[in-house]
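# Chains, contacts and geometry: an overview
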Amino acid sequence: MDFKFSEKEEQLRREIREFAGREMAGRDLITGLEEESRDEDWEFAMQMSKKLSQRGWLTMAWPKEYGGRGASFFEQHVYMDEASYWGIPGTTMGVSGIGWVGQSLMLFGSDEQRNKYIPPIAAGEPDGIWCTAYSEPNAGSDFANIQTRAVRDGDYYILNGQKIWTSCAHRARWCWLAVRTDASVSKKQHGISLIILDMKSPGITIKPIYNYAGIHIFNELFFDNVRVPVANLVGTENRGWYQLMQSLAFERHSVAPQFYGTARRILESVIKYARRTNLHGKPLACDPLVKHKLAERAIELETLKLFGYEITWKLSKGLIPIYEAARNKAYCDFVMQRLATTGSEIIGAYSQVDMRSKWAKVEGSITRLYMMFPGIAIAAGTDEIQKNIVGQFKMGLPRPY
Ligand SMILES: Cc1cc2nc3c(=O)[nH]c(=O)nc-3n(C[C@H](O)[C@H](O)[C@H](O)COP(=O)(O)OP(=O)(O)OC[C@H]3O[C@@H](n4cnc5c(N)ncnc54)[C@H](O)[C@@H]3O)c2cc1C
């Protein structure tokens, strides 16, 4: 075991810091999905995505044949941590494209699909922007209950149904879509397939859903006799469930290093604030209660960092993390909530102003975190679902279904 990064990895960290210092100067710390909302943020994210791709960072650990840099998982870890710390947008560009579509296509896609869809993702191009449509009004945690139908008609599937909470659908060129191709099965996990949907297809309606902060992340998607070529089926018809489980694992692998980077930055900012803000003639940071709360948050972040390293180490050894990604997601949700609460307690009423207001403290990051953490805790599977996975795969407890 070695708790030190190599010189190559440290050099990469320095390069990213230098890049971020130049490119991000004077910009708001916008985190996560928020960049999909306002046009100007999205345009900036697209520009950054291109620049990241030109440096070989965007899909760092992908093989060179797929537009990656063939870098190690640890280099990728350093990149995710550092890019999140600096709030570089466009790092998850295409939202799902970089996070799980590309890797899943490498595993299950046909040669034709890999050649067509992977290069634009790695190049950070608009043609490489994806959304992911799993959830439906009656299928969230109970994902296997999806009802959107794809019925075979010659060389096409005819698609009818509805998806909901589809992040980035209003920006995406393609959709990574879970559908039911066989409704006669006795076990609902069977009869599900994964298909690639061209978002320009006739018959698709996208309706925005604004969250309570007025941010447009997700959408409703309606399908009215949408025709999808059978060539867009990924992997084996009716076996999509197993591919989707792998895709979800890819999605959750990156959660810890990404959130750790963001949280590290926020905690540092809150500590600076506590040092320079006086209470009864002394800096807030001298107050034992404040000190203890900050120390607790620092301990949690250290734990999260180690959880993240463990997954990266396993991946680097060719081992498959089973429950660890779910554990990290659940722990991230916990850490986010505690950091948002401590931050609000320390900056006080300033936590209530708009995150872009001139009154905002610590770059508006506490307000932003407070607004976003409940949603992030739901996305990619709720806390309860992550704990079900840990219970089943780590502890051997009975399945919940
Ligand atoms: C910010 C955000 C972005 C999202 N982006 C996308 C996207 O891009 N694509 C997409 O397809 N979906 C997306 N979603 C939807 C998300 O995946 C679902 O909201 C999530 O899976 C939960 O489903 P649900 O909302 O239907 O809640 P439900 O499944 O109805 O759950 C309600 C409550 O019951 C609990 N519960 C349910 N089942 C169990 C169980 N077996 N054991 C214990 N507790 C249980 C849940 O934990 C939750 O607390 C997004 C959601 C958010 C908030």
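The numbering scheme is per chain: residues are counted from 1 as the chain's sequence reads. With pLDDT at 70 or above as the cut-off, local features in this predicted model cover only qualifying residues; side-chain atom pairs require 80 or more to be listed or tallied, and sums for whole chains, interfaces and linings still use all residues.

Turning our attention to the overall build of the protein. Strands are runs of DSSP state E lasting at least two residues, helices are runs of H or I lasting at least four, and both sets are numbered from the N terminus onward. A tally of regular secondary structure across the protein gives 11 helices and 10 strands. Computation of the radius of gyration draws on C-alpha atoms, with the globule rule given as 2.2 Å multiplied by the number of residues to the power 0.38. For 401 residues, the compact-globule estimate of 2.2 N^0.38 gives 21 Å, and the C-alpha radius of gyration of the protein, at 21 Å, lies within 12% of that figure. Overall size of the protein, expressed as C-alpha extent along the three principal axes, is 80 × 45 × 40 Å. Counting over 401 residues, the protein shows a buried share of 43%. Partitioning the contacts of the protein with sequence separation of at least 6, the portion at a separation of at least 24 is 71%. Once C-beta atoms are placed from the backbone, each residue is buried if 20 or more other C-beta atoms lie within 10 Å of its own, exposed if 12 or fewer, and partly exposed for counts between those two. The contact criterion used is a C-beta to C-beta distance within 7 Å, with each C-beta placed from the backbone.

Bringing the site of the ligand into the picture now. Around the ligand there are 21 residues in total, and Gly140, Ser141, Ser167, Thr382 and Glu384 lie nearest to it. For the shell around the ligand, the secondary-structure elements that each account for two or more residues are β1 (130-133), β7 (216-229), α10 (365-378) and α11 (383-393). By residue number, the principal contributor to the shell around the ligand is α11, which donates 3 residues. A class-by-class count of the residues in the shell around the ligand yields 9 nonpolar, 10 polar and 2 charged. The C-beta atom of each residue is placed using the backbone, and any residue whose C-beta lies within 6 Å of a molecule or strand is treated as near it. Note on residue categories: nonpolar means Ala, Val, Leu, Ile, Met, Phe, Trp, Tyr, Cys or Pro, charged means Asp, Glu, Lys or Arg, and polar means any other residue, Gly included.

Glancing now at the pairing of strand β4 (residues 174-180). With 7 of 7 residues buried, β4 lies mostly within the body of the structure. With burial as the criterion, each face of β4 is covered, one bearing Trp174, Trp176, Ala178 and Arg180 and the other bearing Cys175, Leu177 and Val179. Pairing between β1 and β4: 4 bridges, direction parallel. Looking across to β4, one finds that Thr132 is bridged to Trp176. Any two strands with at least two DSSP-identified bridges between them are counted as paired.

With that settled, the discussion passes to unusual backbone geometry. Positive phi outside glycine occurs at Cys168, with the angle close to 70°. In this structure, Cys168 sits in the loop between β3 (156-163) and β4. Overall, the presence of 25 C-beta atoms within 10 Å leaves Cys168 in the buried class.

Under the domain assignment used here, the protein contains domain 1 (7-93), domain 2 (130-239) and domain 3 (254-393). Note that domain bounds follow an automatic or database assignment of domains. Computed over C-alpha atoms, the centres of domain 1 and domain 2 are 29 Å apart. Residues that form the side of domain 1 that touches domain 2 fall into these classes: 2 nonpolar, 1 polar and 2 charged.

Let us now look at the pairing of β3. With 5 bridges joining them, strand β2 (residues 149-153) and β3 adopt antiparallel strand pairing. Counted as the bridge partner of Ala150 is Leu159 from β3. Between β2 and β3, which follow one another and run antiparallel, lie 2 residues, and Gly154 among them has a positive phi close to 65°.

A few words on helix α2 (residues 39-54). Given a helix with a known number of residues, its expected span is that number minus one, times 1.5 Å. End to end, α2 covers 23 Å across 16 residues, agreeing with the expected 22 Å (1.5 Å per residue, within 8%). Listed as buried for α2 are Ala45, Met48, Ser49, Leu52 and Ser53. Across the axial projection of α2, the buried residues extend over an arc of 135°, all falling on one side. Along α2, the residues that are exposed and aim more than 90 degrees away from the buried face are Asp39, Glu40, Glu43 and Gln54. Once α2 finishes, Gly56 follows within two positions and takes phi at roughly 80°, a positive value. Our arc is simply the arc of the directions from the helix axis toward the C-beta atoms.

Attention shifts here to the packing of helix α9 (residues 324-347) against α11. Each axis is a line fitted through C-alpha atoms, and for a helix only the stretch in contact is used; angles between axes span 0 to 180 degrees, taken between their N-to-C directions. Two numbers describe how α9 lies on α11: the axes approach to 8 Å, and their chain directions differ by 145°. The element α9 and its partner α11 pack so that their crossing is left-handed. In this structure, α9 uses Ala326, Arg327, Lys329, Ala330 and Asp333 to contact α11, whose residues at the interface are Asp383, Gln386, Lys387, Ile389 and Val390. Its residues assigned to classes, the contact of α9 with α11 shows 4 nonpolar, 1 polar and 5 charged. Should the near helix be turned counterclockwise from the far one by less than a right angle, the crossing is left-handed, whereas a clockwise turn marks it as right-handed.

To continue, consider the environment of Arg252. Locating Arg252 in the fold gives a position in helix α6 (residues 240-253). On the basis of neighbour counts, which here come to 24 C-beta atoms within 10 Å, the residue Arg252 falls in the buried class. Measuring from C-alpha to C-alpha, the distance between Arg252 and Ala325 comes to 5.3 Å, with 73 residues separating the pair along the chain. Not counting residues up to four positions away in its chain, the partners in contact with Arg252 are Ala325, Ala326, Asn328, Lys329 and Ala380.

What follows deals with the packing of α9 against α10. Across the interface, α9 lies against α10 with an axial gap of 9 Å and an inter-helix angle of 155°. Taken together, α9 and α10 sit at an angle that is classed as roughly antiparallel. Considering the relative orientation of α9 and α10, their crossing is left-handed. Across the interface between the two elements, Asp333, Met336, Gln337, Leu339, Ala340, Gly343, Ser344 and Ile347 from α9 touch Ile366, Leu369, Tyr370, Phe373, Ile376 and Ala377 from α10. Considering only residue class, the contact of α9 with α10 consists of 10 nonpolar, 3 polar and 1 charged. Roughly parallel refers to an angle under 35 degrees, roughly antiparallel to one over 145, roughly perpendicular to one between 65 and 115, and oblique to any angle outside these ranges.

Most often, soluble globular proteins keep nonpolar side chains buried together rather than apart. The nonpolar core is taken to be a set of buried Ala, Val, Leu, Ile, Met, Phe, Trp, Tyr and Cys residues joined by way of C-beta atoms within 7 Å. Ranked by size, the top nonpolar core spans 58 residues in total, and within it Tyr79, Trp130, Ala172, Cys175, Leu177, Ala178 and Ile195 carry the most contacts. When residues in this core are grouped by element, the largest group, 6 residues, is from β4. Each of domain 1 (7-93) and domain 2 (130-239) accounts for three or more of the residues forming this core. The contact partners of Tyr79, leaving out residues within four places of it in the chain, are Leu12, Ile16, Trp57 and Met60. Core analysis: the next-biggest nonpolar cluster, separate from the first, contains 32 residues, Ala256, Phe259, Phe307 and Ile311 among them.

With respect to the secondary-structure elements, Tyr370 resides in helix α10. Taking the C-alpha atoms as reference, Tyr370 lies 13 Å from Ile347; in sequence the two are 23 residues apart. Look past the residues within four positions of Tyr370 in its chain and what remains in contact with it is Ala340, Ser344 and Ser351.

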